[in-house]
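Report on the structure
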Amino acid sequence: SDEMNKNLSAWLGEIKKSDSEGRVSFFNALSAGLAHYLIALLESEVLTGADSHILIAAQYPMTEALDLLDLIFSFPSAAEGLYNRTKKQLRFENVEGGLLSPFAITDGVTNHMKKLGLDLFSAILQSLDRPTLLPFGKDIVKLAYKSLLTSCGSTLRHALDPA
């Protein structure tokens, strides 16, 4: 809607006025809020409700949730690649059309995103019952493996994946 676009433009304008550290804080706060919202939706207190009415049936978009986790777990590698491909003198400049520099992304955002992804992954695995997760077992194992690969140094990465 026009109202939402107007508010979004005003919000982005405020972010653009701040320095790099402020932009990282804005981004981290927004991503943390969204992740905590998704985690809260998975908690049993939300599903049973305050009036003790038990939820009879619900559908969780598991494929989309796993796709989101895949993007989150790929974020550190993508950020590191962007940082390494950027010339040294340009690493502190904002990416064209973006709000953050390669250094700000690598230094201030990647670990935060990784932690949020692990929190969300854990919440999904704890909240959903085994029959719901069983058809997605292969994808879940791939995500756990990807998470491990992006969490370790190059020596362990080479031991896990010698190719």
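Because the structure is predicted, anything quoted here is derived from the model rather than measured.

Remarks on the overall build of the protein
Across its full length, the protein carries eight helices and zero strands. In the protein, the succession of α and β elements from N to C terminus is α-α-α-α-α-α-α-α. Here the protein, with 163 residues, has 28% of them falling under the buried criterion. In the protein, the proportion of contacts linking residues at least 24 apart, taken out of those at least 6 apart, comes to 64%. In the form shown here, the protein has an accessible surface area of approximately 11,300 Å², with 60% of it arising from carbon and sulfur atoms.

Notes on the side chain of Thr 110
Among the structural elements, Thr 110 can be located in helix H5 (residues 102–127). For Thr 110, a relative accessible area of 9% corresponds to the buried category. Contacts of Thr 110, omitting those with residues within four sequence positions, involve Phe 75, Pro 76, Ala 79 and Ile 105.

A few points about the layout of surface pockets
When its volume is computed, the second largest pocket comes out at roughly 290 Å³. Lining the second largest pocket are 18 residues, with Phe 27, Leu 30, Ser 31, Leu 34 and Met 113 positioned closest to its centre. No other element matches helix H2 (residues 20–42), which puts eight residues into the lining of the second largest pocket. For the lining of the second largest pocket, a count of residues per class yields 15 nonpolar, two polar and one charged.

A few points about helix H7 (residues 137–149)
The end-to-end C-alpha distance of H7, which contains 13 residues, comes to 18 Å, matching closely the 18 Å that a straight helix rising 1.5 Å per residue would cover. Within the span of H7, buried status applies to Ile 140, Leu 143, Ser 147 and Leu 149.

Details of the pattern of salt bridges
In the structure shown here, the tally under the stated rule is two salt bridges. The partner of Lys 115 in a salt bridge is Asp 119, and the shortest N-O contact between them spans 2.8 Å. With Lys 115 and Asp 119 both in helix H5, this residue pair falls four residues apart, about one helical turn. Assessed through its relative accessible area of 25%, Asp 119 is described here as partly exposed.

What counts and how
- Residues numbered from 1 in each chain as written.
- Predicted model: local features only at pLDDT ≥ 70, side-chain atom pairs only at ≥ 80, totals over all residues.
- Heavy atoms only, no water.
- Helix = DSSP H or I, 4+ residues; strand = E, 2+ residues; numbered from the N terminus.
- Buried < 20%, exposed > 50% of the residue type's maximum accessible area, 1.4 Å probe, protein only.
- Contact = heavy atoms within 4.5 Å.
- Areas by Shrake-Rupley, 256 points an atom, 1.4 Å probe, with all protein chains shown as cover.
- 1 Å grid on protein atoms, 1.4 Å probe; cavity = no way out; pocket = protein on both sides within 12 Å on 5 of 7 lines; lining within 4 Å.
- Points joined across faces, edges and corners; volume = space filled by probe spheres on them.
- Nonpolar A, V, L, I, M, F, W, Y, C, P; charged D, E, K, R; others polar.
- Expected span 1.5 Å × (residues − 1).
- Salt bridge = Lys/Arg side-chain N within 4 Å of Asp/Glu carboxyl O.

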